[in-house]
Structure formats: C-alpha cells, structure tokens
Amino acid sequence: MARVLFENVTKEFGSVKAVNDVSLEIQDGELLCLLGPSGCGKTTTLRLIAGLETATSGRIHIGDTDVTRFSPKDRDVGMVFQDYALYPHMNLADNIAYPLKVRKVREAARMERAKEVADHLRIGHLMERLPGQISGGQQQRTSVARAVVHEPRVFLFDEPLSNLDAKLRLESRGFIKHLQQEMGVTAVYVTHDQAEAMALADRIAVMQDGVIVQIGSPLEIYRNPQTSFVANFLGSPPMNLFDAEVRNGSFVGSSFELDAKGVKEHSALNDGDSVTLGIRPEHVRVSPKPMKNSIASELYAFEALGPESILSFRIDEQLLVARAFGDDPPEIEMGQTAYLSFEPRHLHLFNEHGSRVNAD
Amino acid sequence: MDDLTKRGNHILSVRAGVALLVPAFVFIGLFLFFPFIWVFLISFTNRTLLGAAAQDPEFVGLGNYLRLFDFSRWMRSGEFGHSLYLTVIFVIGSLIGQVTLGLAIAFAFNRRRGKLREIIYTLVTLAWILPETAIGFTWTAFLDGRRGTLNAILGAFGIEGVEWLLEFPLLSITVFNIWRGTAFSMLLFSAALGNIRPSYLETADVAGAGPWQRFRDIMFPLISPQFVTALVLVTLWTFNVFTPFLLTGGGPAFGSDIIAIHTYRVAFQFFEFGRGSAIAVIVMTINLILAASYLFGLKRKEVAT
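Parameters and conventions
Residues numbered from 1 in each chain as written. Chains lettered and ligands numbered in written order. Predicted model: local features only at pLDDT ≥ 70, side-chain atom pairs only at ≥ 80, totals over all residues. Heavy atoms only, no water. Pairing = 2+ DSSP bridges. Helix = DSSP H or I, 4+ residues; strand = E, 2+ residues; numbered from the N terminus. Axes fitted to C-alpha atoms, helices over the stretch in contact; angles between N-to-C directions. Polar contact = N/O pair within 3.5 Å; in protein donor to acceptor, adjacent residues only side chain to side chain. Contact = heavy atoms within 4.5 Å. Expected span 1.5 Å × (residues − 1). Buried < 20%, exposed > 50% of the residue type's maximum accessible area, 1.4 Å probe, protein only. Arc of directions from axis to C-beta. Buried area = accessible area lost by both parts, 1.4 Å probe. Salt bridge = Lys/Arg side-chain N within 4 Å of Asp/Glu carboxyl O.

(A) Spotlight on the sheet that holds strand β14 (residues 274-279) of chain A. All names here are of chain A. Here we have five strands laid out as an open sheet, ordered β13-β12-β11-β14-β20, and antiparallel in their pairing. Every interior strand has two partners, whereas the edge strands, β13 (257-259) and β20 (348-350), have only one. Taking the axes of each pair of neighbouring strands and ignoring which way they run, one obtains an average angle of 35° across the sheet. Relative to β13, strand β12 (residues 250-252) runs antiparallel, the two being bridged by three bridges. Paired with S250 across the two strands is D259, which belongs to β13.

Printed below as a string of structure tokens:
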C-alpha cells in the first residue's frame, strides 16, 4: 500500500513524446482512472509505473522509494493486462502462484495462498484447468488473482475489461471495484471507456496528447470539464458542442441565436469573441410548442431505451442530442419541429482554444 | 437419409479422385517404393558391380547382416560398428552445437532490430544455403595445415597450427556441420520466440521473475514444440549428411567414416552392393524410427493443446 508520485515525467519514443511532463500524485488506497482516446499516453503512463518503460526524464516514486530506475521486479506492483497474459502451459493454480514461485515461496505455502485468493474470486474450483479451458470472465479473474496474490503495493490495470462482452463487463467492473476497496490498495486503471472510468474511479485523470488535461472526481469532471475535449469525452451521449460568436449580449451561431442573459460566464467575454457552447443531453428541454429563447429544429432520430429516450435534432451539419428520462418521452413525431431550450446555468462555455470560460 | 446428404460428401466421384492421384502414386512408387524394395531384396544377396557375383548374384540369406553385426570385428576401423559409433558422436556433437548456438543467437536478438542482427542472420543463413561443393572447397582451404586460413589466423597470435583434417577429422567435420546447419535452429527459434506475446514476458517481469526464471518458466515451455522439432529434424538430417565427404573423404584411416560415407564407400567404392544395401536398410530403419518418433511427438502435442 503506497502512494504513487510522478514528478515532471516525460517519456519519448524517438521524436514522439508519449508522456509529456506529467506530474501526478495518486493517494494511498485511491483508485485512479487514466482516461483518454488511443494514443493519448495513458498506457505508457501505466507502464512507467510498472517499470515496463523507463522515463526519459522526471522521477517516479512508489511509497517513499524513488523507483525511476528500478526494473519491474523490484517495484512490487501487480498488473492485469488487456489480454490477461495467462500462461497457456500452466494450470490456473500455477498461473496464480507464479509471482510467489519467483519469490521462492515453498510449494505448499504458495498453493495454499493461491487457493485462498482463487476461492475469494470464485475460481477456486478450476485450479487444475488450463487457461484455454475456462471462460473469458474466469480468465479475467485468474489474471486479477495472479496480480494480487503477492499483495503488491500498487495494482495496475490495462484495459482489463475490453475483451469481455457487455454484460460480463458490468459484472467484472463491480467486482474489481469491490476487491480494490476491500484490499485498500492503491490502483491505477487505464481505460478509454468513460462509463467504466466514471463507475470505478475515485478520481479520473483525462489524458490527451501525453498530457493530463484534467484530474478530479468523476462528478467534478463531468460537471465542470475544463476543456471542450474533456466535455466531449465524458458522458454518453457526449456533450453537445456548437460554435457561436458573442454579439450584443447574444450567442449567435450559424442558424441560431440565444440570449446570453443569466449566463454568468458571459461577463468574461467580449463582443466578437468566438465561443463554443456546450450543453449536456440531459439538460436539453424539448418542447413541441414555441418557446422563448430556443432553437427550432426538426426531429432527426428517436431512440427509446426504456428508462430514457434519446432524441436527435439536426442543426446545420451537426446533431444536437437530447435525453429525456422516464417512460413518457416528449410527443414529437419524426420531421416535426421542436423547440430546444436550456437553463443558463447548464450552459458550458469554451473559448477558441477549447479552454473553459469561467465567470469573472 | 436423403439424396443430398448421400452425394453431398463428395465433390468429385471416387473414380475421378483416384484418377487424379494416380500420377503421384506412379512417381512415388517408381522413385521411392521400388528402390526401397530393390535395396531390401539386394541386401540378401552377394551382388557386386564387378566380377562373377555381378553376373549371377547368389542369395546369401542374412549373411550381409551377420557380417555387419559380427561383434568380433565390428568396432575395428572402417567397420560398420565403428562407423555407427563415429556417427553417434558426430550427430550428438552437431545437435548440441546447432541447437544451443541457434537458440543463443535467436535469444540474443529476440525483439531487436539493427545492423548487427541483419549481418549475423545473413551470414548464418548463407552458410546454410550455399552449394555444398563451394563450401566443401572453402572449408578445405580454411582448415588446410600448411596454407589454411585458420592456421594463418592462429599464427598471427603466435599459436602453432595443426593439420586439422588429419589430426582431428571428426572434430573438424562436426564443427563444419554445426556451422553449416545452425541457421535452421536459429530461424526456427527466432520465429518461435517472436511469436510469444509480449504481455507474457511483461507479466513475468512485473511478477518479479529474473531473466533466467523468465526463460525457464515462460519462454522455454512456449517454444518447446519447436525445440522438439529441431532436435528430431537435426538428428535426422545429420545422421544422413554426406557433405563431410568433401572435407575428409571419411579418412584419414576411417577417422571420419560416418554412416553415410561408410555406406557410399561399401557400395560405390568397393562395389559390394549386397553389403551396402544391408547397411542402407539398417540406416533406413533408424531413420524410420526417428521420423516416427517425430510424427508421434507432433500428434501428442496436438492432443495436448
């Protein structure tokens, strides 16, 4: 159990900076999700903690130890790989006990410990099987069992759920969260799935181009995205983003005009500024009747998902997506014009560089 | 059962299938089975190329075989037992040399690119694919006592050279054969190691395994099928290899009289076809046992996975 500290860590592959001057502190016992699209540097960051990559510059600490130059075996971490990496020639017992074997734990003791962990993860009855003879979910558990069997100081997960089908993924998600809290171990979890990150993380670090663009609790990031990239990356469906210009107390887009009254952040803007308006689908109000300060648009698509409905409207070349909760979606027919409006406090503003505009 | 399933199993009629197979069987029969049976039959006669027995060979029963396994003389120089003994040393030496060297090179350059790898792989593979006569000549020049390259190099370090081919004929042809054949093991192991998923090795690293543990527990078990393949095929090939004849001719004084050379000598230098055929039959039997054990090993591996 230990905190993990990054001090100005950079990792270059040739001329590419996969991780660019990242500083980060992961608290003892915390589950931190590294979230971002492929190629953003999240997996490299994880591999830097594991020691599978060595930092080009900067320092990495685990606990009170500077492990920057340590090889993986001296770092005392446990890692679950995306493909589970179970050894096909070893049965489950030998797979799970492998970290103990290399630590020269006696055969009887390590088998006992492996059985204990396996029982806890409900795979204890499969110990004699080979990895090829068990299901994907069981393989995933085996991989987790092997990562935790020697009680490492840090757990590392590299997209461990991406090879599972949707139903198993939900189940495994809960199981990983429970296990991590139960053991109280610091964990770093890499994913490109924002729902997974929201569900699991104590804190999320959103990465883009080798840099952490925002770090915070899932709700903090969801509610106050600091860039339009973060705003668009979290949420399903993601936040609607529309370009507009500030003009005489209004936001003027290509085919809409909204009164900026009540939008506090407006005070930080000047006439003529380019701005990106962001609104979460759940904050879009859809009305069949004309409304003041609204955008009129035809219904483009309607998806009834049960507890909620997704309505898409076409605004120029873009879709504006609204989300209605409950069993009674707004009564709008395909092609019918609806009036879309939002409360000013729900509007997110980003400047031309994509950074959040805050009120003065 | 309806018509469809009855016919559905055959795209072609049986007759058409047989017709397509006939040419292949004719050639296999002509060039493989016929000589095999011919040799087998001759091995029970005293047939020779020249003399009375060439005209009118006599059936001698197991005479040729009894002569080969006449234990009062078979370990003498130039005899069958002695030749087998030299062959075993030659095969084991070549096998250990080729497989360990091949594995070492493949391991050293595993997941590495660069000039050095290219150069070494090219050189090792060249040794494997160059024509035999060319390399036979090259090695004769390399090992020659008075003007050989090796002795010249040793001389530069103040070491006195030896007549390698005369004083250490078996060692010379073994080293030559290792040089000649390492490429096969190297390429085989190189491909096998390259196919190991990186995450297997990284898991071992994170789990705390050192380089030796990683090799013993993960890499070697994962390439063991290729290892078995290399062991059996190299044994088979080395057992039958004739190229060392170009270096030593089997001599001096039968010092490198390995089984392929021995067979050739008896059959085509002494022209004793009967005795030569008996040796060939024994060699074929040994080959069959090796090949069968290889195929059996493959089968068992398939069942296991």
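(B) How the structure looks around the side chain of T174 of chain B. All names here are of chain B. You can see T174 is positioned in helix α10 (residues 169-194). Side-chain polar atoms of T174 contact the backbone oxygen of L170, separated by 2.6 Å. In this structure T174 touches F90, G93 and S94, once residues within four positions along its chain are discounted.

(C) Seen up close, helix α7 (residues 132-143) of chain B. Residues and elements named next belong to chain B. The end-to-end C-alpha separation of α7 is 16 Å, in line with the 16 Å expected for 12 residues at 1.5 Å each. Within α7, the full set of buried residues consists of I135, G136, W139 and L143. The buried residues of α7 occupy an angular sector of 110° when the element is viewed end-on, so they sit on one face. Seen from the buried face of α7, the exposed residues on the opposite side, beyond 90 degrees, are T133 and F137.

(D) Representation of the interface of chain B and chain A in the model. Chain B puts 19 residues into the contact, and the matching count from chain A is 23 residues. Counting the surface chain B buries against chain A, the share from its top three residues, T203, V206 and A207 of chain B, is 31%. If you look at where chain B meets chain A, you find three salt bridges. The residue K101 of chain A makes a salt bridge to D217 of chain B at a minimum N-O spacing of 3.4 Å. Here chain B is connected to chain A by 11 residue pairs in polar contact (both at pLDDT 80 or more). Where the side of chain B that touches chain A is concerned, the elements lending two or more residues are α11 (198-207) and α12 (211-240) of chain B. Among the elements that take part in the side of chain B that touches chain A, α11 of chain B stands out by supplying eight residues, more than any other.

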